[in-house]
Amino acid sequence: MMKNCEYQQIDPRALSVLPQSAQNTTEKTVQRSRRKWEVFPGKNRFFCDGRIILPSQSGVLPLTLGLIVVTCGLFFAFDCPFLVKHLTVFIPVIGGALFVFVVFSLLRTSFTDPGILPRATPDEAADIEKQIDTSGSSTYRPPPRTKEILINQQVVKLKYCFTCKMFRPPRTSHCSLCDNCVERFDHHCPWVGNCVGKRNYRFFYSFIISLSFLTSFIFGCVITHITLRSQEGKSLVQSIQESPASVVELVICFFSIWSILGLSGFHTYLIASNLTTNEDIKGSWSSKRCAEESGNPYSYNSIITNCCATLCGPMPPSLIDRRGFLSLDEAIPAVSASEIELPPFTVKSDAHMCTQSTKDMLERMVHSYDVHGLCPPATPKTTPLDLEVSGPAAASSEPSLSAGCLPQDARQPVAPPCPPFSRSNKRRDSLHSINPAFRLASPSPSLSRTTFILGDAPDNGFIPLP
Amino acid sequence: MAETHSLQDLQQPTASSKVFVQRDYGSGTISKFHTKFPSELEPRIDKQQFEETIQTLNNLYAEAEKLGGKSYLEGCLACITAYTIFLCMETHYEKVLKKIARYIKDQNEKIYAPRGLLLTDPIERGLRVVEITIFEERSIGSGR
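Predicted, not measured: the structure shown is a model, and the values here were computed from it.

Residue and element names in this part refer to chain A. Taken from the UniProt record, the annotation "transmembrane region" (unreviewed entry) applies to residues 60-78, 84-107, 203-228 and 248-272. The distance separating the terminal C-alpha atoms of residues 84-107 is 30 Å; by composition the span is 88% helix and 0% strand. Span residues 248-272 is 100% helix and 0% strand, its end C-alpha atoms 36 Å apart.

Before going further, it helps to examine the packing of aromatic side chains. Residue and element names in this part refer to chain A. The full count for this structure, using the stated rule, is ten aromatic pairs over all chains. Members of the aromatic cluster, each reached through a chain of ring pairs, are Phe 219, Phe 254, Phe 255 and Trp 258. Lys 147 extends its terminal NZ or CZ atom over the ring of Phe 167, reaching a point 4.8 Å from the ring centre. The ring centre of Tyr 201 lies 5.3 Å from the NZ or CZ of Arg 184, which sits over that ring.

The next point concerns the packing of helix H2 (residues 47-64) of chain B against helix H4 (residues 92-112) of chain B. Residues and elements named next belong to chain B. Running from N to C, H2 and H4 point in directions that differ by 170 degrees, and their axes come no closer than 9 Å. What the angle tells us is that H2 and H4 run roughly antiparallel. Here H2 contributes Gln 49, Phe 50, Glu 52, Thr 53, Thr 56, Leu 57, Leu 60, Tyr 61, Glu 63 and Ala 64 to the contact with H4, which in turn contributes His 92, Tyr 93, Val 96, Leu 97, Lys 99, Ile 100, Tyr 103, Ile 104, Gln 107, Ile 111 and Tyr 112. Taken together, the residues of the contact of H2 with H4 sort by class into 13 nonpolar, five polar and three charged.

Another aspect to go through is the sheet that holds strand S6 (residues 166-167) of chain A. All names here are of chain A. Within the open sheet, the three strands sit side by side as S4-S5-S6. Their pairing is antiparallel. Among the strands making up the open sheet, the edge pair consists of strand S4 (146-151) and S6. By the bridge criterion, six bridges tie S4 to strand S5 (residues 154-161) in an arrangement that is antiparallel. Across the sheet, residue Glu 148 finds its bridge partner in S5, namely Lys 157.

Bringing the sheet that holds strand S8 (residues 180-182) of chain A into the picture now. Two strands in a sheet stick together by hydrogen bonds in their backbones, pointing the same way (parallel) or opposite ways (antiparallel). All names here are of chain A. Strand order in the open sheet made by the three strands is S3-S8-S7, with antiparallel pairing throughout. The open sheet has two edge strands, strand S3 (116-117) and strand S7 (173-175), and neither has a second partner. Bridging between S3 and S8 involves two bridges; their strand directions are antiparallel. Counted as the bridge partner of Ile 116 is Val 182 from S8.

Within the fold, Asp179(A) resides in the loop between S7 and S8. Among the polar contacts made by the side chain of Asp179(A), one reaches the side chain of His174(A) at a distance of 3.2 Å.

Taken residue by residue, the interface counts 47 residues in chain A and 45 residues in chain B. With both chains or domains summed, chain A and chain B bury close to 3,600 Å², and 67% of this area falls on carbon and sulfur atoms. Between chain A and chain B we count two salt bridges in total. Joining chain A to chain B, the criterion identifies five residue pairs in polar contact (both at pLDDT 80 or more). Put simply, the parts of the chain that give the side of chain A that touches chain B at least two residues each are helix H4 (90-111), helix H5 (122-131), S4, helix H6 (201-231), helix H10 (303-312) and helix H12 (351-372) of chain A. When residues of the side of chain A that touches chain B are assigned to their parent elements, the largest contribution, nine residues, is made by H12(A). Taken together, the residues of the side of chain A that touches chain B break down into 32 nonpolar, six polar and nine charged.

The next point concerns the confidence of the model for chain A. Taken residue by residue, chain A gives an average pLDDT of 69. The fraction at 70 or more is 58%. Residue range residues 329-358 of chain A is modelled with pLDDT below 50. Its contacts to residues more than four positions away, or to other chains, number 97 contacts.

Now for the nonpolar core. Of all hydrophobic cores here, the largest spans 43 residues; its most connected members are Ile68(A), Phe75(A), Phe204(A), Phe207(A) and Leu214(A). Every element with two or more residues in this core is listed here: helix H3 (61-86), H4, S4, S5, H6, helix H8 (244-272) and H10 of chain A. Sorting elements by how many residues they give to this core places H6(A) first, with twelve residues. Both domains that meet at this core, namely domain 1 (44-117 + 185-330) and domain 2 (119-168) of chain A, each give it at least three residues. For Phe75(A), the residues in contact, after removing those within four places along its chain, are Cys80(A), Leu83(A), Ile91(A), Phe217(A), Ile218(A), Cys221(A), Val222(A) and Glu249(A). Counting residues in hydrophobic clusters, the runner-up holds 38 residues, among them Leu117(A), Ile45(B), Tyr93(B) and Leu119(B).

Cut-off values and rules
- Residues numbered from 1 in each chain as written.
- Chains lettered and ligands numbered in written order.
- Predicted model: local features only at pLDDT ≥ 70, side-chain atom pairs only at ≥ 80, totals over all residues.
- Heavy atoms only, no water.
- UniProt positions renumbered as here; feature names shortened; annotations may be inferred.
- Helix = DSSP H or I, 4+ residues; strand = E, 2+ residues; numbered from the N terminus.
- Phe/Tyr/Trp six-rings, centres within 6.5 Å; stacked < 30°, edge-to-face > 60°.
- Lys NZ or Arg CZ within 6 Å of the ring centre and 35° of its normal.
- Axes fitted to C-alpha atoms, helices over the stretch in contact; angles between N-to-C directions.
- Parallel < 35°, antiparallel > 145°, perpendicular 65-115°, else oblique.
- Contact = heavy atoms within 4.5 Å.
- Nonpolar A, V, L, I, M, F, W, Y, C, P; charged D, E, K, R; others polar.
- Pairing = 2+ DSSP bridges.
- Polar contact = N/O pair within 3.5 Å; in protein donor to acceptor, adjacent residues only side chain to side chain.
- Buried area = accessible area lost by both parts, 1.4 Å probe.
- Salt bridge = Lys/Arg side-chain N within 4 Å of Asp/Glu carboxyl O.
- pLDDT = per-residue confidence, 0-100.
- Core = buried A, V, L, I, M, F, W, Y, C linked by side-chain atoms within 4.5 Å.
- Buried < 20%, exposed > 50% of the residue type's maximum accessible area, 1.4 Å probe, protein only.
- Domains from an automatic or database assignment.

Here it is as structure tokens:
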């Protein structure tokens, strides 16, 4: 390990900060505890003190919501009165129930953590680095690392994620828009404004199914409405003129039905075969590649079991623990300076530095453990510049589904400034627009840590001292 | 050279390394850890003891993620109530996670801490690894 001293891991500019940070340490102990969502490294926004999570780019979620609300509003305002009079009162009741279910599913899909994997701690990353045999020099970037494992007698390749510094579990993919590894990654849906992954796939599915029903229902009702009107001795044109809103609804529903029904059918097929959109598009388990009938090692080989497992299976917990408190004794372990200047695979710790920082962290951990119970160290914060090098990793996370989800350009710029939610709102659960990139840029006190301090990325989410 | 360490420093154990037990994906995406005994722990703890701990953890995670009548019922009930039921009720998975946390704490107190080891709950590492910290006692008078 001692031979790997070639990389500059201490930013000299940061060293000047240290004497002040040492002083600030004692002051910090009386300051309020920070929650983990405040130092989350991915491109996410958090509301209600970490209860709600959204990607930094909401895609066209407002449009989706707007379309649904407007269409249903027009339906209830213009079509329902006529249909109630001529048919039955159950029409708005059913419509209302479907509408509520659709909106609820949509919001649940958008605001739920899709199954984000927290990034590897520096110690973990160092351990993985040690296990991988690399002999390259600092100027050569080796090909992306893969590890082959056997799952149910099927060879599966695990890829190394350069951003999250770990081998991705099977079925996990890194979403470049959210800058997170997501478990059982299906796709990033701009209509919903979130990734669809392990934890919110069932909500997404119930959203598209209920939306199919809703659009078909409204379409049918509007057709019935216009037909009934024209049967009362009026011409079709006249009927349409009397109820112009119906035409708007017809147009919206007509175009939606094709895509939504298609999407529902597609996802029903995926669920029945226990596949993700990502796997299907990449053809990971297609029969052309595999000699066996079912190449998919995750399938239970029974449609019902596959459906039940995906939709009704146990709800896994969120792994990122948004509302957990950071231990006051823990500084945010800032990312190694070498990650900005050098290819990220070259994070090779200097033995002494690593030991020193580990020792310090663990001393505090032991102390915390004795007093408070186990307090985990803070999640490492990565620089936005990491986006540039996560390209190869992100390439696999951009499946596009022509039916419903638009392909996203992997090189989209960093999120625009967040809406200016007022911090002066006195309610505890006031909306906080938290994009760490836009917080005040005072360097974080690093206590006795002597390594891995970024000096030149002030917007990198250092905890500002209030 | 005079020893300048404080008494506290001399008495406090010092962490020196960590061992990571990785996930075992041989059976799919279920949470399961390798039971292979890491060589770094050889001087500290019994191989059997360690394997028993990991195996118990694996069994607990399997219990949490088990597909069966109970979990389907919970899933259907949640769907019917538009998932609002989770506002007042803990999921089965969460209950088992609490059980796991208690088990790990118990193991740490009884078995690992006396040997200068510390198990970290895998949930705090995103269920990626079981992190075991190895503390080394700082020997008194080593500088002379």
